[in-house]
Amino acid sequence: MPSIRTIAVIGAGQMGGGIAQLCAQSGFPVVLLDVGDEILNTAITRISGGLEGRVAKGRMGEAEAAAAFARISIGTDPSIIDGVDLVIEAATESEAVKRAVFAALAAHLQPATLIVTTTSSLSVTNLAAATDRPSKFMGMHFLNPALAVPLVELVRGLATDEETFAAIRGLARQLGKTTVVAEDVPAFLVNRTLLVMINEAVTTLHKGIGTARSIDAALTLGAGHSMGPLELADLIGLDTCLIGLQALYEKLAHGKYRPCPLLVKHVEAGWLGRKTGRGFYDYSKSLGSPAQRFPIPWSGGEQPGPVAGDL
């Protein structure tokens, strides 16, 4: 079975940065690659803050946090991945972008280097065919936020060999994750179900059946969900949700996957959720206590936080 000692993460966004921190916390030297210094600096600042937060909460010691941070290096030159055992691709959820990433990295990969994609909706087999090593390629779908969610979906491409699968399953366990195996079908297991729920919640908002806060309260307080579907969509990124739904609708041709027009409008407006400061909720305002569950709705008029009484 291939040995994984060093890891490269491609893409320093929220997902890629979280995966890099997770790997570093688990003892792996990590190189974090992206096209611009600004996004890398933002990622490394977020990682530093995340590690400091773990120390403050007593989840790790100061020396342990410092060691984890020291394991992470960043850069924009693909040559920094030379010699790594595993590449984790966490680029934008676009087939064209991911194919361009694989093409740019090809010259810097060792023959034994494994590649995983964190895609949430694209075909793993199709992406594998864009590389020179389909047998050493598979899907490793982390859920957002990668540091906190205990689940990872493992997805074989048609050509993925058993040694690659065993190595990646072993890595997931080293990272403290529980794994489920999904077939290479649109959106796999989690998003196949989750995106339909989010789309229905957006449709419910669009039809005026309830406010964003009341819809999320109904699912958290009434159905036991840890986060409401609209708040979760803002966390995932509304553009990512739309891409996933569009892929499902295109490939499965069923009306239940057709994206709600309100979701499309938000993406067209650039209201993509937490990462842009505005989605179904407005994140530009202070939310006060971290214990307050619901952000201020983008439509205004409601105050954050769970309260007794009618919503």
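No experiment lies behind these values; they were computed from the predicted model shown.

### Structural notes on the sheet that holds strand S3 (residues 72-75)
Here eight strands make up an open sheet; going across it, the order is S3-S2-S1-S4-S5-S6-S7-S8 and the pairing mixed. Whereas interior strands pair on both sides, the edge strands pair on one side only; in this sheet they are S3 and strand S8 (178-182). Neighbour-to-neighbour, the strand axes of the sheet open up by a mean angle of 25°, direction not taken into account. Looking at chain direction, strand S4 (residues 86-89) and strand S5 (residues 114-117) are connected through four bridges and run parallel. Each residue of the ladder has a partner; that of Leu86, found in S5, is Leu114. Along the sheet face, helix H2 (residues 37-56) touches strand S2 (30-33) and S3 and points at about 165° away from the line of S3.

### Some details on helix H1 (residues 14-25)
Over its twelve residues, H1 extends 16 Å from the first C-alpha to the last, a length consistent with the 16 Å expected when each residue adds 1.5 Å. Across the twelve residues that make up H1, a large majority, eleven, are buried. When H1 is considered as a whole, its buried residues turn out to be Met15, Gly16, Gly17, Gly18, Ile19, Ala20, Gln21, Leu22, Cys23, Ala24 and Gln25. Within two residues after H1, Gly27 carries a phi angle of roughly 100°, on the positive side.

### With respect to the UniProt feature "domain: 3-hydroxyacyl-CoA dehydrogenase C-terminal" (unreviewed entry) in the chain
Feature annotation in UniProt assigns "domain: 3-hydroxyacyl-CoA dehydrogenase C-terminal" (unreviewed entry) to the following positions: residues 188-283. Taken end to end, residues 188-283 is 61% helix and 2% strand, and its first and last C-alpha atoms sit 30 Å apart.

Rules behind the numbers
Residues numbered from 1 in each chain as written. Predicted model: local features only at pLDDT ≥ 70, side-chain atom pairs only at ≥ 80, totals over all residues. Heavy atoms only, no water. Pairing = 2+ DSSP bridges. Helix = DSSP H or I, 4+ residues; strand = E, 2+ residues; numbered from the N terminus. Axes fitted to C-alpha atoms, helices over the stretch in contact; angles between N-to-C directions. Contact = heavy atoms within 4.5 Å. Expected span 1.5 Å × (residues − 1). Buried < 20%, exposed > 50% of the residue type's maximum accessible area, 1.4 Å probe, protein only. UniProt positions renumbered as here; feature names shortened; annotations may be inferred.

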